[in-house]
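Each chain is listed here by its residues.
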Amino acid sequence: MRFSRGWGLHPCHSFLLRCNVKIKETLLQQQEITERVNSLGQQLTKDYAGKKPVVIGILNGAFIFLADLVRAMDMAVEVDFIRVASYGQATESSGTITLSKAPERDLNGKDILLVEDIVDSGTTMVWLQKYFTTEHQPSSVKTCTLINKSQRRAVDVNIDYIGFEIEKGFLVGYGLDCAETYRNLPEICALEE
Ligand code: PRP
């Protein structure tokens, strides 16, 4: 899990936000994100043709990406959500993950698409893949993340669909937070180190 900081001032917008670390730069503009998400949606529409996938968002970060992604998929889908909690080191996933909100759909025989805002160490996604394949009986489990930080990988994990590869920086916006703030920024920015 990603480290959350304190409270402060957002330098690019006219309102105060609760995080004491300022925005350093915008990495992905709104238009760039929209184009990539639409492209992923078209690819998923082709790959899941003839099926009705269950798109499962990993709360909280995935909520905006998922909302745009499913609207870019020109097909029937089901939507569900899961939330996990992680304990241990502050700056990355500890490997000790527990379920805090279970999915509510019947997933037996379904084609599951797990949707993340970011895969960092990979610990959360590995746990999720194991959870869905052992606790449910899906037909398939695929993974999709808006942002992949493969350089920070601590475990091997397969990601089927990747929006953007970004190597460095603490990222906020488009669902990504700093102490639960900045999620509603329409673009993706890096905070000052
Ligand atoms: C973030 C992100 C992933 C996880 C990735 O969640 O949404 O779920 O960290 O980290 P990992 O690859 O190192 O396991 P976070 O714990 O920040 O919660 P949030 O989704 O509520 O922001």
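No experiment lies behind these values; they were computed from the predicted model shown. (Residues numbered from 1 in each chain as written. Predicted model: local features only at pLDDT ≥ 70, side-chain atom pairs only at ≥ 80, totals over all residues.)

1. Structural notes on the environment of alanine 72
Argument step 1. Looking at the element boundaries, alanine 72 is found in the loop between α2 (63–71) and β5 (78–87).
Argument step 2. The partly exposed category is assigned to alanine 72, around which 17 C-beta atoms lie within 10 Å.
Argument step 3. In contact with alanine 72, other than residues within four places in its own chain, are Val37, Asn38, Leu40, Gly41 and Gln42. (Helix = DSSP H or I, 4+ residues; strand = E, 2+ residues; numbered from the N terminus. Buried ≥ 20, exposed ≤ 12 C-beta atoms within 10 Å, placed from the backbone. Contact = placed C-beta atoms within 7 Å.)

2. Some thoughts on helix α1 (residues 30–47)
Argument step 1. With 18 residues, α1 ought to run about 26 Å at 1.5 Å a step, and its terminal C-alpha atoms sit 26 Å apart, in line with that.
Argument step 2. Inspection of α1 places Ile33, Val37, Leu40 and Leu44 among the buried residues, and these make up the whole buried set. For α1, the buried positions fall inside an angular range of 60 degrees around the axis, keeping them on one side. Turned more than 90 degrees from where α1 packs its buried face, Gln31, Glu35, Ser39 and Lys46 sit exposed.
Argument step 3. Considering only its buried residues, α1 is in contact with β3 (23–28), α2, β8 (140–148), β9 (161–165) and β11 (188–191). (Expected span 1.5 Å × (residues − 1). Arc of directions from axis to C-beta.)

3. A look at the pairing of β8
Argument step 1. Most of β8 is tucked away: seven of the nine residues are buried.
Argument step 2. Inspection of the sheet shows strand β7 (residues 111–119) paired to β8 by eight bridges, in the parallel sense. Within β8, the residue paired with valine 119 across the bridge is asparagine 148.
Argument step 3. Once the chain exits β7 it traverses helix α3 (residues 123–135) before rejoining the sheet at β8, and the crossover so formed is right-handed. (Pairing = 2+ DSSP bridges. Right-handed = clockwise from strand over helix to strand, strands pointing away.)

4. Re the sheet that holds β3
Argument step 1. Taken in spatial order, the three strands make up an open sheet running β3-β11-β10, and their pairing is antiparallel. Only two strands of the sheet have a single partner each, and these edge strands are β3 and β10 (171–172).
Argument step 2. With four bridges connecting them, β3 and β11 associate as antiparallel partners. Looking at β11, one finds that glutamate 25 is bridged to alanine 190.

5. A few points about unusual backbone geometry
Argument step 1. With an omega dihedral of 0 degrees, the bond running from leucine 59 to asparagine 60 counts as a cis peptide bond.
Argument step 2. Mapping asparagine 60 onto the fold places it in the loop between β4 (54–59) and α2.
Argument step 3. Of note, alanine 179 is a non-glycine position whose phi angle comes to about 50 degrees, a positive value.
Argument step 4. On the secondary structure map, alanine 179 appears in the loop between β10 and β11.
Argument step 5. Judged by local crowding, alanine 179 falls into the partly exposed class, with 17 C-beta atoms found within 10 Å.
Argument step 6. The phi torsion at tyrosine 182 lies on the positive side, around 80 degrees, for a residue other than glycine.
Argument step 7. Relative to the helices and strands, tyrosine 182 is located in the loop between β10 and β11.

6. Considerations on α3
For the α-helix, the turn length of 3.6 residues means that residues three or four positions removed from each other point alike.
Argument step 1. An ideal rise of 1.5 Å per residue puts 18 Å on 13 residues; α3 measures up with 18 Å between its terminal C-alpha atoms.
Argument step 2. Those residues of α3 lying buried are Thr123, Thr124, Met125, Trp127, Leu128 and Phe132.
Argument step 3. Where the residues of α3 are buried, they touch β4, β5, β6 (96–101), β7 and β8.

7. Section: the confidence of the model for the chain
Argument step 1. In this model, the chain carries an average pLDDT of 89, and 86% of its residues clear a pLDDT of 70 or more.
Argument step 2. pLDDT under 50 marks residues 3–17. Its contacts with residues more than four places away, or in other chains, come to 30 contacts. (pLDDT = per-residue confidence, 0-100.)

8. Points about the sheet that holds β7
Argument step 1. Read from one edge to the other, the open sheet built from six strands follows the order β6-β5-β4-β7-β8-β9, with strand pairing classed as mixed. At either margin of the open sheet sits one strand with a lone partner, and together these are β6 and β9. Sheet twist, expressed as the average angle between the axes of neighbouring strands with direction ignored, equals 25 degrees.
Argument step 2. Where β4 meets β5, six bridges bridge the pair, whose relative direction is parallel. Opposite leucine 59, over in β5, you have arginine 83 as the bridge partner.
Argument step 3. Its contacts with the sheet put α2 on β4, β5, β7 and β8, and the angle it makes with β4 is roughly 160 degrees.
Argument step 4. α3 rests against β4, β5, β6, β7 and β8 of the sheet, and its axis sits at about 165 degrees to β8. (Axes fitted to C-alpha atoms, helices over the stretch in contact; angles between N-to-C directions.)

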